[in-house]
Amino acid sequence: AAMQAHPLVAGVQENGCRALGNVCLGGDAAALARKQRAADAGGIEVAVAAMQAHPQVAGVQQFGCCAMGNVCYGSDVAARARRQRFVTAGGIEVA
């Protein structure tokens, strides 16, 4: 919610991407569920938007890429769908 409420505040975006990446770290069943829940809540689109809005802020770029790597990790159908959402949101262009 904070990332959506304050899209132009780089610190909020950086810390939001960092939190998203940390929450979505791992490959066990619980982590996969967190990744999907984050994606379903719009986390992919919000992180990509943060990276688009702050291209010169290294922390936003670093933690945005980390978050997207963690959210999109996996080999199942759901992970492939998350990766497609990343592409559709413009993630290739900002990563």
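Conventions used here
- Residues numbered from 1 in each chain as written.
- Predicted model: local features only at pLDDT ≥ 70, side-chain atom pairs only at ≥ 80, totals over all residues.
- Heavy atoms only, no water.
- Salt bridge = Lys/Arg side-chain N within 4 Å of Asp/Glu carboxyl O.
- Helix = DSSP H or I, 4+ residues; strand = E, 2+ residues; numbered from the N terminus.
- Buried < 20%, exposed > 50% of the residue type's maximum accessible area, 1.4 Å probe, protein only.
- Contact = heavy atoms within 4.5 Å.
- 1 Å grid on protein atoms, 1.4 Å probe; cavity = no way out; pocket = protein on both sides within 12 Å on 5 of 7 lines; lining within 4 Å.
- Points joined across faces, edges and corners; volume = space filled by probe spheres on them.

1. Notes on the pattern of salt bridges
Then, in step 1: Applying the stated rule across the entire model yields two salt bridges.
Then, in step 2: For E14, the salt bridge is made with R18, and the minimal N-O distance between the two is 3.6 Å. Taken as a pair, E14 and R18 lie in helix α2 (residues 10-23) at a separation of four residues, close to a single helical turn.
Then, in step 3: We classify R18 as partly exposed; its relative accessible area is 34%.
Then, in step 4: A salt bridge links R85 to E45; the shortest N-O distance between them is 3.1 Å. Highlighted residues: R85 in helix α6 (residues 77-88) and E45 in helix α4 (residues 43-53), separated in sequence by 40 residues.
Then, in step 5: Judged by relative accessible area, which is 32%, E45 ranks as partly exposed.

2. Remarks on the environment of E14
Then, in step 1: Sequence separation between E14 and G69 is 55 residues, and the spatial gap between their C-alpha atoms is 15 Å.
Then, in step 2: Non-local contacts of E14, meaning those with residues more than four positions away in its chain, are made with V57, G59, V60 and F63.

3. So, the layout of surface pockets
Then, in step 1: For the largest pocket, the calculated volume is near 320 Å³.
Then, in step 2: Around the largest pocket, the lining comprises 16 residues; the ones closest to its centre are A1, M3, L20, A41 and G43.
Then, in step 3: Breaking the lining of the largest pocket down by element, the ones donating at least two residues are α1 (2-5), α2, α3 (29-40) and α4.
Then, in step 4: Considering each element in turn, the lining of the largest pocket owes the most residues, four residues, to α2.

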